[in-house]
Amino acid sequence: MSVSAQRLLEELQIFDVDCEAGLTDKLVELCILYGQNEEGMVAELIAFCTSKQKVGLTSETLNSFEHECLSKKLSRAPQDGGHAGARDIVSIQELIEVEEEEESLLNSYATPSKGSQKRAITTPETPLTKRTMSTRSPHQLLSPSSFSPSATPSQKYSSRNNRGEVVISFGSAQGVSWSGRGRASNISLKVLGCPESLTGSYKSMFQKLPDIRDVLTCKIEELGSELKEHYKIEAFTPVLVPAQEPVILLGQIGCDTNGKLNSKSVILEGDREHSSGAQIPVDLSELKEYSLFPGQVVIMEGINTTGRKLVATRLYEGLPLPFYQPTEEDGDFEQNVVLVACGPYTTSDSITYDPLLDLIAIINRDQPDVCILFGPFLDAKHEQVENCLLTSPFEDIFKQCLRTIIEGTRSSGSHLVFVPSVRDVHCEPVYPQPPFSYSDLAREDRKRVHFVSEPCNLSINGVIFGLTSTDLLFHMGAEEISSASGTSDRLSRILKHILTQRSYYPLYPPQEDMAIDYENFYIYAQLPITPDILIIPSELKYFVKDVLGCVCVNPGRLTKGQVGGTFGRLFLRRQQAVGGERRQSPCTAAQVVRI
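Cut-offs applied
Residues numbered from 1 in each chain as written. Predicted model: local features only at pLDDT ≥ 70, side-chain atom pairs only at ≥ 80, totals over all residues. Heavy atoms only, no water. UniProt positions renumbered as here; feature names shortened; annotations may be inferred. Helix = DSSP H or I, 4+ residues; strand = E, 2+ residues; numbered from the N terminus. Contact = heavy atoms within 4.5 Å. Areas by Shrake-Rupley, 256 points an atom, 1.4 Å probe, with all protein chains shown as cover. Salt bridge = Lys/Arg side-chain N within 4 Å of Asp/Glu carboxyl O. Buried < 20%, exposed > 50% of the residue type's maximum accessible area, 1.4 Å probe, protein only. Pairing = 2+ DSSP bridges. Axes fitted to C-alpha atoms, helices over the stretch in contact; angles between N-to-C directions. Parallel < 35°, antiparallel > 145°, perpendicular 65-115°, else oblique. Left-handed = near helix turned anticlockwise from the far one by under 90°. Core = buried A, V, L, I, M, F, W, Y, C linked by side-chain atoms within 4.5 Å.

- In the nomenclature of an unreviewed UniProt entry, the protein corresponds to DNA polymerase alpha subunit B from the organism Vulpes vulpes.
- The UniProt entry for the protein carries the following comment under Sequence similarities (unreviewed entry): "Belongs to the DNA polymerase alpha subunit B family."

See the structure below:
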């Protein structure tokens, strides 16, 4: 079809709208692209500008007009040639909804017949779109074929025969009902900051080495002050000052080489106030028991006769922070069931998200009060992501995945908590990580869907959860060295370090793939209190342990390579300590279950 630029200008003059030459060419292009004549295009443009209260014609206005008006109209129009082309199931469902709305509008002007009625009568309280959305199957919501040319299900995952198997139990799990109350439960969720929580993105990659040094120095001085007061130490000695009698030194563990820490390469980096940051090698031969890792803040007692080497004779134990004391604002609760799961949510040989759909089915069946879901939701280490085989943008796939979880679990009424991961390919891999940004959240879901940062301190009815998706156990396990007279559990030692170092990532220097912004790390990645429950997913084997009164849970990952993995569930019941009794954990039972 031929379109005249002069005719477009004449139509615009009728409405007293001036148009530049460049914008006229753009209008001609839009007429051809969307099959409109000059009169119809100008009429729709003026109607759009009037409804949006836009004054004047600019390139930005034209772009908004094309995106919000023309493109939507084209998507609703039937395709020529009788073939609709390849559509994913989500777009087909949306077209069905549009047709239902248009037919419903037409029926409202007609007299209904006495025969059978195809669709239920709708009212403002129960609009059609909400009804159809809430009953839509998760399998309809997620269409892997729309973003992957090879979306075939994983054979190994489909053929597993151990689904639902409980692999580990903690506490009095026997006889516990793992079904929550869904919508009937009264849940109070809030994020605890130290002093504030991370709520938005920030500029990274601008830190200077002196700023990092300041953060590490503050950490040494703060922990040193607490330990000094607890152990009633009079004063610390500078690390390079020779002394014939035993001395007490404050500092941070380091390694004298670029390799892995070992018993012969340990150095103590003194604090700024007493030692001006000086370093001294440490001889551990006189210590019967120790557990050390790079970045650990310690107080050591020993002999330093030459000022060139410390022969350590005692290592002072670290101290955890106190537990949170619930207030009246936190309310009271009889019991709550919390489900925890960590990505990847698809097997390494497929992108069909079958494990995620199975998890949604479990959530709808058991209706836990709260579901805590850790990333990665689209794993940067997935084969199809690494080889650039996906046909849709990462952000779009993530939103489709998120939409599937939110709408697919709507009938359960469970609260959803989303924790990001540095392995989420659509996010900046910086630590600490801001919450996910998701602007398409429906109004009915806003009270039950929560996006938090990584790491995060979360209060669920006054029970404090420490949440982190970073595999700190794996990172620290590769660097820690230890010596013990009896049997010693490595994972318990690492968990104890996390609680006594009061940090979600006390390792320094960090692992190579960790990009840490230390100024924000100091604000957002510290433990303000000892959590009642620490959820710390890892590639290492799943476990549930009580460490220093804190229940530490590694639920495993929902998938392990090509096979199914595990998820965790916790049963909470607040128990009041009577008299001088020892504090009792609110987590009375926990299980790790195969998907």
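## Remarks on the overall build of the protein
Consideration 1: Secondary structure summary: the protein contains 16 helices and 24 strands in total.
Consideration 2: Restricting to contacts in the protein with at least 6 residues of sequence separation, those with at least 24 account for 74%.
Consideration 3: Of the roughly 29,500 Å² of accessible surface on the protein, a fraction of 50% belongs to carbon and sulfur atoms.

## So, the pattern of salt bridges
Consideration 1: This structure, assessed with the given rule, holds 21 salt bridges.
Consideration 2: Between R594 and E165 there is a salt bridge whose closest N-O contact spans 3.4 Å. Of the two residues, R594 is situated in strand β24 (residues 587-594) and E165 in the loop between α8 (155-158) and β1 (166-171); the sequence distance between them amounts to 429 residues.
Consideration 3: By relative accessible area, R594 is classed as partly exposed at 22%.
Consideration 4: A relative accessible area of 38% means that E165 is categorised as partly exposed.
Consideration 5: Here E226 makes a salt bridge to R502, at a shortest N to O gap of 3.9 Å. Taken together, the residues span a long stretch of sequence, with E226 in helix α9 (residues 209-230) and R502 in the loop between α15 (490-501) and β17 (515-516) at a distance of 276 residues.
Consideration 6: Shared partners join several salt bridges into a network, and the residues in it are D379, R423, E539, R557 and K560.

## A word on the sheet that holds strand β3 (residues 243-255)
Remark on secondary structure: sheet strands pair via backbone hydrogen bonds, oriented parallel or antiparallel.
Consideration 1: Strand order in the closed barrel made by the 5 strands is β3-β4-β5-β8-β7, with mixed pairing throughout. The mean angle between the axes of side-by-side strands here comes to 55°, regardless of whether they run parallel or antiparallel.

## A word on the pairing of strand β4 (residues 266-270)
Consideration 1: β4 sits mainly inside the fold: 5 of its 5 residues count as buried.
Consideration 2: Because side chains alternate across β4, one face comprises the buried residues V266, L268 and G270, and the other comprises I267 and E269, equally buried.
Consideration 3: Two strands pair when backbone bridges link them, and β4 and strand β5 (residues 279-283) are joined in this way by 3 bridges, in the antiparallel orientation. Bridge pairing in β5 places L268 opposite I280.

## Side note on the packing of helix α1 (residues 5-14) against helix α3 (residues 38-52)
Consideration 1: α3 packs onto α1 with a crossing angle of 40° between their chain directions and a minimal axis gap of 9 Å. On the basis of the axis angle, α1 is oblique to α3. The chirality of how α1 crosses α3 is right-handed. The residues of α3 that touch α1, namely those facing R7, L8, E11 and L12, are E38, E39, V42 and L45.

## Some words on the nonpolar core
Consideration 1: By size, the foremost hydrophobic cluster in this structure holds 37 residues, and its most contacted members are Y345, Y353, L359, F377, I405, F418 and F567.
Consideration 2: Mapped by element, the contributors of at least two residues to this core are β9 (336-342), α11 (354-366), β10 (370-374), α13 (394-408) and β11 (415-419).
Consideration 3: Those residues in contact with I405, other than ones at most four positions away along the chain, are L356, I360, L373, F377, L416 and F418.

## Section: the environment of P246
Consideration 1: By the element assignment, P246 lies in strand β3.
Consideration 2: For the pair P246 and V311, spaced 65 residues apart in sequence, the C-alpha to C-alpha distance is 9.6 Å.
Consideration 3: P246 has contacts with E301, G302 and I303, leaving out every residue within four places of it along the chain.

## Digging into the sheet that holds strand β19 (residues 543-547)
Consideration 1: Overall, mixed pairing links the 6 strands, which are arranged β2-β14-β15-β18-β20-β19 in an open sheet. Each of the sheet's edge strands pairs with one partner strand only, and the pair in question is β2 (189-192) and β19. Taken pair by pair, the neighbouring strands of this sheet meet at an average axis angle of 25°, ignoring direction.
Consideration 2: As judged from the 5 bridges shared by strand β14 (residues 456-460) and strand β15 (residues 463-467), these two strands associate in the antiparallel manner. Residue pairing in the sheet places S459 in a bridge with I464 of β15.

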